[in-house]
Amino acid sequence: QVQLVESGGGLVQPGGSLRLSCAASGTIFNIYTMGWYRQAPGKQRDLVAVITNSDNTNYADSVKGRFTISRDNAKNTVYLQMNSLKPEDTAVYYCNVQRVWGPKVADYWGQGTQVTVSS
């Protein structure tokens, strides 16, 4: 099992910045991707950004140029730097870790952290 602890959410004004962190512990070998998803009220959970163990990244079109994902393998932590935040970025943000070993794949989720962008 993998345990994920998220931090860094909160209330910010439009145009502001926040940095989310997610620390992984437990069975943390064979981690392939670490990433962030978000879910706004009444909507499905969508990918925000993901980073592989080769540091390849992928972003949702809506956050490209504003958000940056990074990971510290020594700390088993993934970060999401969010700049130029907009009200439409308001959502619960979930950390995700995917482990791959042989033919097996397992996804793990954090408990979620609320990000609210409002004046």
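The paragraphs below set out a description of the structure included in this document. (Residues numbered from 1 in each chain as written. Predicted model: local features only at pLDDT ≥ 70, side-chain atom pairs only at ≥ 80, totals over all residues. Heavy atoms only, no water.)

1. Description of the sheet that holds strand β1 (residues 2–7)
Across the sheet, 4 strands lie side by side as β1-β3-β8-β7; this open sheet has antiparallel pairing. Either end of the sheet is taken by a strand with one partner, and the two such strands are β1 and β7 (67–72). Each strand of the sheet is rotated relative to its neighbour by a mean of 15°, with strand direction disregarded. When strand β3 (residues 18–26) meets strand β8 (residues 77–82), the two strands line up antiparallel, connected through 6 bridges. Bridge pairing links Cys-22 to Val-78 in β8. (Pairing = 2+ DSSP bridges. Helix = DSSP H or I, 4+ residues; strand = E, 2+ residues; numbered from the N terminus. Axes fitted to C-alpha atoms, helices over the stretch in contact; angles between N-to-C directions.)

2. So, the state of the cysteines
Taken as a whole and judged by the stated rule, the model has 1 disulfide. Here Cys-22 pairs with Cys-95 through a disulfide, and the sulfurs are 2.1 Å apart. Taking the sign of the torsion about the S-S bond as the criterion, the disulfide between Cys-22 and Cys-95, at about -85°, is left-handed. With a gap of 73 residues between them, Cys-22 in strand β3 and Cys-95 in strand β9 (residues 91–101) connect regions that are remote in the sequence. (Disulfide = S-S within 2.5 Å.)

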